[in-house]
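Residues per chain, in single letters:
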Amino acid sequence: IPRYDPESESWALNYLEKELEQYFQWMGLHTGHKMTKESLQKAIHLGNLIRTDMAELDSYLAMTKVPIASLEYYLIQMMMGDYAQDPEGLHNLLRQLLNEINLRVDQNKSAPDTSASPVRVYIIGDETQELRVYNAIEDYGGVLVGCDFRLPLYYGLIDENASPLESLAPWIWHMPSNLPTQERVRAELNSIKKRKPDAVIISSVVGSRCLPGAERLVRDLVKRELGVPVLSIETTLPRENVEKVDYQIRALLQTIGS
């Protein structure tokens, strides 16, 4: 995928359309399943159903009383990576979940075990494997109001009216993960602002090239635009950074809540 650059839009999209065409041909040769305009249009439609579900779920996290727990929200985001296995089935499951969450909202209920006046936390950066991060947020009086780990999969809908390749190329090219770091953060700031966070956590994974080299730039951008405390954490494999991350999150939330 060509790196996002507004001045290169014409050739980049033309190149990406050709790459997609070759990719689908290669997939057909290796799987025996030929891609057609109709099958791609159907796939785009089903993907958009799930993107709409996720956007609705995110809207609940902007409420004063967040109706879903941190870890559960993260696990639902993870399912986005596998939706191609059975998109219709996942869409139906998400609708059941959203109906249940809507009932909680109607009853003015927060997620179970949530503090009465929680510190609202948004996470950006690398997808951590240390799941203790999510429980720690709630254990020390916080609530997760969003994370951007899978946002590139549903940051917007794919156009269903144009031809599939013409629709897919610009959508892929504009994915937040394909933008330069500064542009990526700026593109996400509006989404983050809607969640009204009291703090932002920048997650980095050892060895990743996603944010570490530009972490100070990201921290300064977030502080300037949102005016909230920013905590940087770094993790590796599960259970290897529990004590350090637990201490960092506890210190952040206790400082804000005091």
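Here, every reference points to the structure presented above.
Everything numeric in this text was worked out from a predicted model, so none of it was measured. (Residues numbered from 1 in each chain as written. Predicted model: local features only at pLDDT ≥ 70, side-chain atom pairs only at ≥ 80, totals over all residues. Heavy atoms only, no water.)

Asker: Quick question: what am I supposed to make of the overall build of the chain here?
Answerer: A count of helices and strands for the chain gives 9 helices and 4 strands. Put simply, the chain runs from its N terminus to its C terminus through helices and strands in the order α-α-α-α-β-α-β-α-α-β-α-β-α. By its C-alpha atoms, the chain is 60 × 40 × 35 Å across when sized along the principal axes. Evaluated residue by residue, the chain yields a buried proportion of 46% over its 258 residues. Accessible surface for the chain amounts to roughly 13,600 Å². Of this, 50% is attributable to carbon and sulfur atoms. Placing the 27 positive and 36 negative side-chain charges of the chain at their respective mean positions leaves the two points 4 Å apart. (Helix = DSSP H or I, 4+ residues; strand = E, 2+ residues; numbered from the N terminus. Buried < 20%, exposed > 50% of the residue type's maximum accessible area, 1.4 Å probe, protein only. Areas by Shrake-Rupley, 256 points an atom, 1.4 Å probe, with all protein chains shown as cover. Lys, Arg positive; Asp, Glu negative; His and termini not counted. Charge placed at Lys NZ, Arg CZ, Asp CG, Glu CD.)

Asker: What is the right way to look at the layout of surface pockets in this model?
Answerer: Any empty space left between atoms is shown by rolling a water-sized probe over those atoms. Of the voids in this model, the second largest pocket is the one considered here, and its volume is about 270 Å³. Lining the second largest pocket are 14 residues, and of these Leu151, Tyr155, Ser191, Lys194 and Arg195 lie nearest its centre. Contributing elements (two or more residues each) for the lining of the second largest pocket: α2 (37-61) and α7 (181-194). Here the element with the most residues in the lining of the second largest pocket is α7; it accounts for 5 residues. Of the residues that constitute the lining of the second largest pocket, the class distribution is 7 nonpolar, 3 polar and 4 charged. (1 Å grid on protein atoms, 1.4 Å probe; cavity = no way out; pocket = protein on both sides within 12 Å on 5 of 7 lines; lining within 4 Å. Points joined across faces, edges and corners; volume = space filled by probe spheres on them. Nonpolar A, V, L, I, M, F, W, Y, C, P; charged D, E, K, R; others polar.)

Asker: Help me understand the nonpolar core, please; the structure alone is not making it clear to me.
Answerer: Generally speaking, a soluble globular protein has its nonpolar side chains buried in company with each other. If you look at the biggest cluster of nonpolar residues, it comprises 51 residues, and the most contacted ones within it are Ile123, Ile201 and Ile249. Residues in contact with Ile123, not counting those within four places in the same chain, are Val133, Tyr134, Ile137, Leu144, Gly146, Cys147, Asp148, Phe149, Ile201 and Ser203. One finds Leu16, Phe24, Leu40 and Ala169 within the second-largest nonpolar core, a separate group that totals 14 residues. (Core = buried A, V, L, I, M, F, W, Y, C linked by side-chain atoms within 4.5 Å. Contact = heavy atoms within 4.5 Å.)

Asker: Sorry, what's going on with the pattern of salt bridges here?
Answerer: Should their charged atoms come close, side chains of opposite charge can pair. All told, the structure shown has 10 salt bridges when counted by the stated rule. Where Asp139 meets Arg132, a salt bridge forms, and the shortest distance between an N and an O atom there is 2.7 Å. If you follow the salt bridges from partner to partner, you end up with Asp53, Glu56 and Arg95 in one network. (Salt bridge = Lys/Arg side-chain N within 4 Å of Asp/Glu carboxyl O.)

Asker: Quick question: what am I supposed to make of the environment of Pro197 here?
Answerer: Secondary-structure assignment places Pro197 in the loop between α7 and β3 (199-205). Residue Pro197 is classed as buried on the basis of its relative accessible area, which comes to 10%. Look past the residues within four positions of Pro197 in its chain and what remains in contact with it is Arg120, Tyr122, Val145, Ile192, Leu226 and Val228.

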